[in-house]
Amino acid sequence: QVQLVEFGGGLVQPGGSLRLSCAASGRIIRANAMGWYRQAPGNQRELVAHITSSGTTTYADSVKGRFTISRDNTKNTVYLQMSSLRPEDTAVYYCYYRPGFDLPTPFNSWGQGTQVTVSS
């Protein structure tokens, strides 16, 4: 079992920046993937960014060039640097962890979610 704790959400003005972090603990498999999904009210949960323990990244088209995902394998922590934020980025952001390099399933480990609100 893996536990995830997220930090860094909040309120930011359009064009601003925020950094999310997510620390994993428990039975960590060396070859793994971590990342972020988000869910806005009335919308389905969608992938934001994904990173494997080898450093391969995947981004949603809507965040390419604005968001950067990174990780520190020594701390089992993943980060999401969000810049040029837009009101449509407003959502609850969920961190995940999974063994292997694929995208997560609902049966993998998920964080509790952190609210990001972009508004003037």
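Residues numbered from 1 in each chain as written. Predicted model: local features only at pLDDT ≥ 70, side-chain atom pairs only at ≥ 80, totals over all residues. Heavy atoms only, no water.

Chemist: Go over the packing of aromatic side chains, please, and point to the residues and values.
Modeler: Counted by the stated rule, this structure contains 3 aromatic pairs. Where Tyr-37 meets Tyr-96, the ring centres are 5.6 Å apart and the plane angle is 75°; that geometry is what we call edge-to-face. Separated by 59 residues along the polypeptide, Tyr-37 in strand 4 (residues 32-39) and Tyr-96 in strand 9 (residues 91-99) bring together distant segments of the chain. The pair Tyr-37 / Tyr-96 is uniform in exposure class, with both members buried. Seen from their ring centres, Tyr-37 and Trp-110 are 5.5 Å apart, and the 80° between their planes marks the pair as edge-to-face. Remark: Trp-110 occurs in strand 10 (residues 109-110) and Tyr-37 occurs in strand 4; sequence separation between them is 73 residues. Using a relative accessible area of 24% as the deciding quantity, one classes Trp-110 as partly exposed. Site record: aromatic cluster; members linked through ring pairs are Tyr-37, Tyr-96 and Trp-110. (Phe/Tyr/Trp six-rings, centres within 6.5 Å; stacked < 30°, edge-to-face > 60°. Helix = DSSP H or I, 4+ residues; strand = E, 2+ residues; numbered from the N terminus. Buried < 20%, exposed > 50% of the residue type's maximum accessible area, 1.4 Å probe, protein only.)

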